Amino acid sequence: MKIISMIPARYSASRFPGKLMQDLNGKTVILRTYEATKATNLFDDVFVVTDSEIIFKEITSHGGKAIMSIKEHECGSDRIAEAVEHLDIDIVVNVQGDEPFTEVASLKKLIQVFKEDTEKQVDLASLMVHITDEEEIKNSNTVKVIVDQNNFALYFSRSPIPFPRATDVGAKYYKHKGVYAFRKEALLDFYRLPMLPLEASEKIECIRYLEYGKRIKMVETNVQGVEIDTPEDLERAKKLWK
């Protein structure tokens, strides 16, 4: 299999504009993420795909590979799909540009899903982290996921799922980490299919796969890292980097 990584990178993030160009202990957030992804040595190639000339120049001026998006896109998956449509690849791993702490073990687990899936039952794989903090479970910025007994995703939501009507049944809560591995065909299907009501309501792009019957294998990881969505997240990331 030919496996590449794509890092979608928008400059104008709604909650924290320009966050990918913020300084993270001597280098920008997006450059940290690109270098961390390259350093895993898991991929045949790594690209940043962006609509921003600023981000494009930031990566290429440091010897990295970047692709300018031709079109405006609603989400990262659309941006990646445009970039890989004519590339000869099998699997593409989407690493979020605002997650500079992505590490090797979790990515290896995602890739292993496809190496073991000889009958091609899995359309995409993604990461989840067990969470217990009540505030995080209730936080609408934290996307939660519930899975079946084989760790295939049943649903994603910004609400607490499962709803804790009974608290003594041992239900666990999992946070969805925005790192995906796609079969190229599934990603292109996503690109061509229109958004449906559940995705539009929750503003969670992977719901589109479920609404169209795709199978998402979730892989548990213990690595939380820091997703940089706010200035406060950036300060946490600086402390963690040290």
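Residues numbered from 1 in each chain as written. Predicted model: local features only at pLDDT ≥ 70, side-chain atom pairs only at ≥ 80, totals over all residues. Heavy atoms only, no water.

## Remarks on the pairing of strand β9 (residues 153-157)
Part 1 of the argument: Where strand β8 (residues 144-147) meets β9, 4 bridges bridge the pair, whose relative direction is antiparallel. In the sheet register, Ile 146 faces β9, and the bridge partner there is Tyr 155.
Part 2 of the argument: What sits between the antiparallel neighbours β8 and β9 is a turn of 5 residues, in which Asn 151 has the positive phi angle 65°. (Pairing = 2+ DSSP bridges. Helix = DSSP H or I, 4+ residues; strand = E, 2+ residues; numbered from the N terminus.)

## With respect to the nonpolar core
Part 1 of the argument: Ranked by internal contacts, the top residues of the largest apolar core, which has 36 residues, are Ile 30, Val 48 and Val 93.
Part 2 of the argument: Broken down by element, the residue count for this core peaks at 5 residues, all from helix α4 (residues 104-116).
Part 3 of the argument: Dropping the residues within four chain positions of it, Val 93 is found in contact with Ile 3, Ile 4, Ser 5, Met 6, Phe 43, Leu 107, Ile 111, Val 179, Tyr 180 and Ala 181.
Part 4 of the argument: Among the nonpolar cores identified, the runner-up in size contains 30 residues, and Met 6, Ala 81, Met 128 and Ile 204 belong to it. (Core = buried A, V, L, I, M, F, W, Y, C linked by side-chain atoms within 4.5 Å. Buried < 20%, exposed > 50% of the residue type's maximum accessible area, 1.4 Å probe, protein only. Contact = heavy atoms within 4.5 Å.)

## Some words on the layout of surface pockets
Part 1 of the argument: There is about 200 Å³ of room inside the second largest pocket.
Part 2 of the argument: In this structure, the second largest pocket is lined by 14 residues; those nearest its centre are Asp 90, Lys 120, Arg 183, Lys 184 and Glu 185. (1 Å grid on protein atoms, 1.4 Å probe; cavity = no way out; pocket = protein on both sides within 12 Å on 5 of 7 lines; lining within 4 Å. Points joined across faces, edges and corners; volume = space filled by probe spheres on them.)

## Regarding empty space enclosed by the protein
Part 1 of the argument: Evaluated as defined, the whole model comprises 2 cavities of 30 Å³ or more.
Part 2 of the argument: Taken as a whole, the second largest cavity spans an internal volume of roughly 30 Å³.
Part 3 of the argument: Put simply, the parts of the chain that give the lining of the second largest cavity at least two residues each are α6 (184-192) and α8 (207-211).
Part 4 of the argument: Its residues assigned to classes, the lining of the second largest cavity shows 5 nonpolar, no polar and 3 charged. (Nonpolar A, V, L, I, M, F, W, Y, C, P; charged D, E, K, R; others polar.)

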